[in-house]
Amino acid sequence: MPVEATEDTFEHEVITRSLTQAVLVDFWADWCQPCHALAPVIEAAVEDRGDAVALVKVDVDANPGLSETYSVSGIPAVKAFRDGRVVAQFTGVRSRAALDMFLDELLAPPRADALLDELRASGELPELVEILDRDDVEGALQFIVDAVPAAAAADRDRLREIAVALFERLGPDDPLTTIYRRRLAAALY
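Residue positions are counted from 1 within each chain, in the order its sequence is given. Local features are withheld for residues below a pLDDT of 70 in this predicted model, meaning they are given only at 70 or higher, and side-chain atom pairs are given and counted only at 80 or more; totals for whole chains, interfaces and linings count all residues. Computation of side-chain values: all heavy atoms of the structure, hydrogens and water removed.

1. Brief notes about unusual backbone geometry
Line of reasoning, step 1. A cis geometry characterises the amide bond from Ile75 onward to Pro76, with omega recorded as 0°.
Line of reasoning, step 2. For Pro76, the location among the structural elements is in the loop between helix H3 (64–69) and strand S4 (77–82).
Line of reasoning, step 3. Positive phi, close to 50°, is recorded for Ser71, a residue that is not glycine.
Line of reasoning, step 4. What counts as a helix is a DSSP run of H or I of at least four residues, what counts as a strand is a run of E of at least two, and both are numbered from the N terminus. By secondary structure assignment, the location of Ser71 is in the loop between H3 and S4.
Line of reasoning, step 5. With relative accessibility at 57%, the residue Ser71 sits in the exposed group.
Line of reasoning, step 6. Not every positive phi belongs to a glycine, and Leu125 is a case in point at roughly 50°.
Line of reasoning, step 7. Residue placement: Leu125 occurs in the loop between helix H5 (111–122) and helix H6 (126–133).
Line of reasoning, step 8. We classify Leu125 as partly exposed; its relative accessible area is 25%. Buried residues are those whose accessible area, probed at 1.4 Å on protein chains only, stays under 20% of the maximum for their type, while exposed residues exceed 50% and partly exposed ones sit between those limits.

2. Concerning the state of the cysteines
Line of reasoning, step 1. Cysteine sulfur pairs qualify as disulfides if the two atoms are within 2.5 Å. This model, assessed by the stated rule, comprises 1 disulfide.
Line of reasoning, step 2. In this model Cys32 forms its disulfide with Cys35; the gap between the sulfur atoms is 2.4 Å. The disulfide joining Cys32 to Cys35 has a torsion of about 80° about its S-S bond and is therefore right-handed. For the pair Cys32 and Cys35, one class covers both residues: buried.

By themselves, these figures tell us nothing about what the structure is for.
Right under this line is the structure:
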């Protein structure tokens, strides 16, 4: 069953919870017919995934501060949280199939983790693997930027793919993403 969050409980119900579990937040209003159409679809899709994802509902009329903070300009607005931040979102009604695809992408392992597993299995870029095993994302991005100019075309593509996956993990608002996107672009072009 969904949990109702308010401006007072949002930090606990969404931000803190998203550190250990994916959280889907449904911004809605009682007068919104599309919101009522989406509700049973989203509840069933979340229920089918057991404890993998939590559903939290926020009444936008009762919690205007949250609507402003999360730039909700139309409803229903659904925002997925992981690690304390929005990682995916959509506005409007979705079919069950579209919602299932949205949740499957949300719950898939991060692409950076899959790429790191591939590097370990292949023995490719052992220095980079060692840096990432220390959880030194900045060091890994610097390694990639330094390696790109001298790399062969196929290796440059692989390094770029790894960097983009690390940017996804960090999120678009992380300062490292901003800094190293620029540095990577300069190194590539």
